[in-house]
Amino acid sequence: MISRAELQSQLHEVGLADHAATLADHARPSIMIARVVTPDETQLALGASKLGGNPDVPEDFQWPHHNNRPLLFLGQFNLAEVTAYDVEKQLPDEGILYFFSDRLHGEAGVVFYHPSGSPHGLIRHPHPALSDDSYPLPAARLSFNTEWSFPSGEYLHNSVGEH
């Protein structure tokens, strides 16, 4: 990731000299996530970061439900893979975050944290009740990078005013 000074210089170069300092001051490092298509989930290491597929969870894991329906597994992030990109150190250095959602109705979502990122004691848990509306999403390996992100124009307008 380029430095804040380099960011400000690039903003000058693209014609934003009048706003470069304000934009650079409000820019925040962000962890960017890219999907890498994976033809077969078995090619992914147990506990690896991924979107879709089946979660790699502790053996005593209880699948989350909402209104008596199992939630859809969205993905998992192995924080040991993410920590190098977390320049503001907002996340734990290890462990796995799991994300589940009620895909059709948008009424519920659950995030679980397992403190160990080690594959020891994890199993790849299939969805408990497959149906047309709860099939697993195709698995995709994840890669990470750090980039600058900017708040919305509305936020900038409200917090610093127009210049």
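So, here's what we can say about the structure. These numbers were taken from a predicted model, which means no experiment stands behind them. (Residues numbered from 1 in each chain as written. Predicted model: local features only at pLDDT ≥ 70, side-chain atom pairs only at ≥ 80, totals over all residues. Heavy atoms only, no water.)

**What about the overall build of the protein chain?**
From N to C terminus, the protein chain includes 4 helices and 10 strands. Element order for the protein chain, N to C, with α for helix and β for strand: α-α-β-β-β-β-β-β-α-β-β-β-β-α. The C-alpha radius of gyration of the protein chain comes to 20 Å, more than 25% above the 15 Å expected for a compact globule of 163 residues. Its C-alpha atoms put the protein chain at 55 × 35 × 30 Å along the principal axes. When burial is assessed residue by residue, the protein chain has 36% of its 163 residues classed as buried. Here the analysis covers contacts within the protein chain between residues at least 6 apart in sequence; of these, 67% occur between residues at least 24 apart. With the model as given, the accessible surface of the protein chain reaches about 9,600 Å², and the carbon-plus-sulfur share is 52%. (Helix = DSSP H or I, 4+ residues; strand = E, 2+ residues; numbered from the N terminus. Rg over C-alpha atoms; globule rule 2.2 N^0.38 Å. Buried < 20%, exposed > 50% of the residue type's maximum accessible area, 1.4 Å probe, protein only. Contact = heavy atoms within 4.5 Å. Areas by Shrake-Rupley, 256 points an atom, 1.4 Å probe, with all protein chains shown as cover.)

**Let's talk about unusual backbone geometry**
If you check the backbone angles, Asn 67 has positive phi at about 50° while not being a glycine. Structurally, the position occupied by Asn 67 is in the loop between β4 (65–66) and β5 (69–70). On the basis of relative accessibility, which here comes to 55%, the residue Asn 67 falls in the exposed class. Backbone geometry at Asn 68 places phi at a positive 65°, although glycine is not the residue there.

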